[in-house]
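# An overview of the molecular structure
Here are the chains, one letter per residue:
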Amino acid sequence: QVQLVESGGGLVQAGGSLRLSCAASGSIFSINAMGWYRQAPGKQRELAARITSGGSTNYADSVKGRFTISRDNAKNTVYLQMNSLKPEDTAVYYCNADYKERPWDPLLESWGQGTQVTVSS
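Please read these numbers as outputs of a predicted model, since none were measured by experiment. (Residues numbered from 1 in each chain as written. Predicted model: local features only at pLDDT ≥ 70, side-chain atom pairs only at ≥ 80, totals over all residues. Heavy atoms only, no water.)

## Brief notes about the pairing of strand β5 (residues 46–51)
In summary, the side chains of a regular strand alternate between the two faces of the sheet. Pairing between strand β4 (residues 30–39) and β5: 5 bridges, direction antiparallel. Across the sheet, Trp36 pairs through a bridge with Ala49, a residue of β5. Hairpin geometry of β4 and β5 is characterised by an intervening segment of 6 residues between the two adjacent antiparallel strands and by a positive phi of about 75 degrees at Gly42. One ladder, built from 3 bridges, connects β5 with strand β6 (residues 57–59); its direction is antiparallel. The residue of β6 that forms the bridge with Arg50 is Asn58. The antiparallel hairpin formed by β5 and β6 contains 5 residues in its connecting segment, where Gly55 sits at a positive phi of about 100 degrees. (Pairing = 2+ DSSP bridges. Helix = DSSP H or I, 4+ residues; strand = E, 2+ residues; numbered from the N terminus.)

Pasting the structure below:
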């Protein structure tokens, strides 16, 4: 199994910045894509940003130009730099990873426990 541990959430005023980190540990042969999803109260979980092992990224339209996802493959860690935060960015942010424990295994999926981001107006 792979464990994902997030950090960096908190309370920030509109226009401010936060940086989320997510470190993967456990039985890892390889990690493919890693991503950040978010879930606001009363809403479905949605993709915020995703990055492949080769560095290709995709973003939700609502965060393009404000959020930047990056990863350190040597540390099995993914980051989300969030700038120009808006109250509508308030949500629990979840880290996600697709990985293999052994070369011949199918891709598995792991989720972090979530970290709260609150943006005040």
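So much for the structure itself; the text now carries on.
## Let's talk about unusual backbone geometry
One non-glycine residue, Asn76, lies in the positive phi region at around 50 degrees. A positive phi angle is found at Ser84, which is not glycine, with a value near 50 degrees.

## Comments concerning the state of the cysteines
Here the structure, examined in full by the defined rule, presents 1 disulfide. Here Cys22 connects covalently by a disulfide to Cys95, the sulfurs 2.1 Å from one another. Looking down the S-S bond of the Cys22 and Cys95 bridge, the torsion is -85 degrees, so its handedness is left-handed. One end of the pair, Cys22, is in strand β3 (residues 18–26); the other, Cys95, is in strand β9 (residues 91–100), with 73 residues separating them in the sequence. (Disulfide = S-S within 2.5 Å.)

## Digging into the pairing of β9
The element β9 is extensively covered by neighbouring structure, given that 8 of its 10 residues are classed as buried. In terms of strand pairing, β4 meets β9 through 8 bridges, oriented antiparallel. The residue bridging Trp36 from the neighbouring strand is Cys95, located in β9. Pairing geometry for β9 and strand β10 (residues 108–111), over 4 bridges, is antiparallel. For Tyr99, the partnering residue across the bridge sits in β10 and is Leu108. (Buried < 20%, exposed > 50% of the residue type's maximum accessible area, 1.4 Å probe, protein only.)

## Thoughts on the side chain of Arg50
Along the polypeptide, Arg50 turns up in strand β5. Accessibility expressed as a relative area gives 15% for Arg50, which makes it buried. At a separation of 2.5 Å, a polar atom in the side chain of Arg50 contacts the side chain of Asp98. With residues near it in sequence (within four places) discarded, Arg50 still touches Ala33, Met34, Gly35, Tyr37, Ser56, Thr57, Asn58, Ile69, Asn96 and Asp98. (Polar contact = N/O pair within 3.5 Å; in protein donor to acceptor, adjacent residues only side chain to side chain. Contact = heavy atoms within 4.5 Å.)

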